Amino acid sequence: MYRVALSVALAFTLAACSLGSQTISSGFTDAPTAPAPSARKKLRDSVALGGEPGTPRDTAGETRVARLDDQAPKGTFEKAPAGALSDRDYSTTALDPEKARDLINQYRRDKGLKPLKLNAELSVAAKNHSRDLAKWDRISHYGSDGSNPWDRVKRAGYKAKLTAENVGTGQITFDEVMKGWKESPGHNKNLLLGDAEHMGIALVQDQKTEFKSFWTLVLGSSM
């Protein structure tokens, strides 16, 4: 059985909190609302990433139903300091799913791995999570209703035997997201999951938020 350790790797001092036997590393803990210029530069340079391979499969659980109130577990999401990315230009930010797939697959081929196919259900799961992150202006692997990546894949109708999720916020281009994921051991491990067959990817933008852009990549293999 595959297990997924969730993480959020951000630009400020890291603090750890636990999810059962898994660990989530997160940043921006007790960050000031008006960060110093050096802190803003750090965030601009590294932006925010989230994700390591997967989530334990809950074969006995029911599919969760989203609630209107915010139920994400405390300590499992992070928010950007006010104005941290306000000087970045997102006017050209866009996602071409086929191009993103091709870039990921070229990276996998270079490592001797099979290519991934775009999957409609995983794309729905990715889009829904990006929308949720944008609504609450944060980075997390938990939805506002407390859902984890496996819950969202299940809701989307994908019958998975393996799933993993990478999240990025604040990046201007997919090349920037990809660079960050490749340089981060946990995210890179997801990109190079040998048993993965499919992927879904999404971008949601909201200039009224502090993070501006919300990228989600979901990988999986079906039963």
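These notes cover the structure that comes with them. Not measured: the values here are computed from a predicted model.

Conventions adopted
Residues numbered from 1 in each chain as written. Predicted model: local features only at pLDDT ≥ 70, side-chain atom pairs only at ≥ 80, totals over all residues. Heavy atoms only, no water. Buried < 20%, exposed > 50% of the residue type's maximum accessible area, 1.4 Å probe, protein only. Helix = DSSP H or I, 4+ residues; strand = E, 2+ residues; numbered from the N terminus. Arc of directions from axis to C-beta. Salt bridge = Lys/Arg side-chain N within 4 Å of Asp/Glu carboxyl O. Contact = heavy atoms within 4.5 Å. Pairing = 2+ DSSP bridges. Expected span 1.5 Å × (residues − 1). Polar contact = N/O pair within 3.5 Å; in protein donor to acceptor, adjacent residues only side chain to side chain.

**A few points about helix α5 (residues 174-183)**
Next up, step 1: Of all the positions in α5, only Phe 174, Val 177, Met 178, Gly 180 and Trp 181 are classed as buried. The buried residues of α5 occupy one face: seen down the axis, they fall within an arc of 165 degrees.

**Quick look at the pattern of salt bridges**
Next up, step 1: Under the defined criterion, the tally for this structure stands at six salt bridges.
Next up, step 2: Ionic pairing is found between Glu 183 and Lys 179, a salt bridge with its closest N-O pair at 2.9 Å. Of the two residues, Glu 183 and Lys 179 are both situated in helix α5; the distance of four residues between them amounts to about one turn of the helix.
Next up, step 3: Residue classification places Glu 183 among the exposed positions, given a relative accessible area of 57%.

**A closer look at the side chain of Thr 216**
Next up, step 1: Positionally, Thr 216 belongs in strand β10 (residues 213-222).
Next up, step 2: On the basis of relative accessibility, which here comes to 0%, the residue Thr 216 falls in the buried class.
Next up, step 3: Excluding residues within four positions of it along the chain, Thr 216 makes contact with Ala 126, His 129, Ser 130, Leu 133, Glu 165, Asn 166, Val 167, Gly 200, Ile 201 and Ala 202.

**Quick look at the pairing of β10**
Next up, step 1: Taken across its 10 residues, β10 has nine buried, putting it largely inside the fold.
Next up, step 2: Across eight bridges, strand β9 (residues 198-205) lies against β10 in antiparallel orientation. Each bridged residue has a counterpart across the sheet, and for Ala 202 the counterpart in β10 is Thr 216.

**Notes on the pairing of β9**
Next up, step 1: Within β9, seven of the eight residues are buried, leaving the element largely enclosed by the surrounding structure.
Next up, step 2: Here strand β6 (residues 117-118) pairs with β9 via two bridges, running parallel. Bridge pairing in β9 places Leu 118 opposite Met 199.

**Considering helix α3 (residues 120-136)**
Next up, step 1: In this model α3 runs 25 Å from its N-terminal to its C-terminal C-alpha over 17 residues, within 8% of the 24 Å that 1.5 Å per residue would give.
Next up, step 2: Among all positions of α3, only Leu 122, Ala 125, Ala 126, His 129, Ser 130, Asp 132, Leu 133 and Ala 134 are buried.
Next up, step 3: In this structure, the buried side of α3 is in contact with β7 (139-140), α4 (149-155), β8 (160-169), β9 and β10.
Next up, step 4: Sitting at the amino-terminal end of α3 is Asn 119, which places a side-chain oxygen 2.9 Å from the backbone nitrogen of Glu 121.
Next up, step 5: Of the residues one or two after α3, Asp 137 is the one with positive phi, at around 55 degrees.

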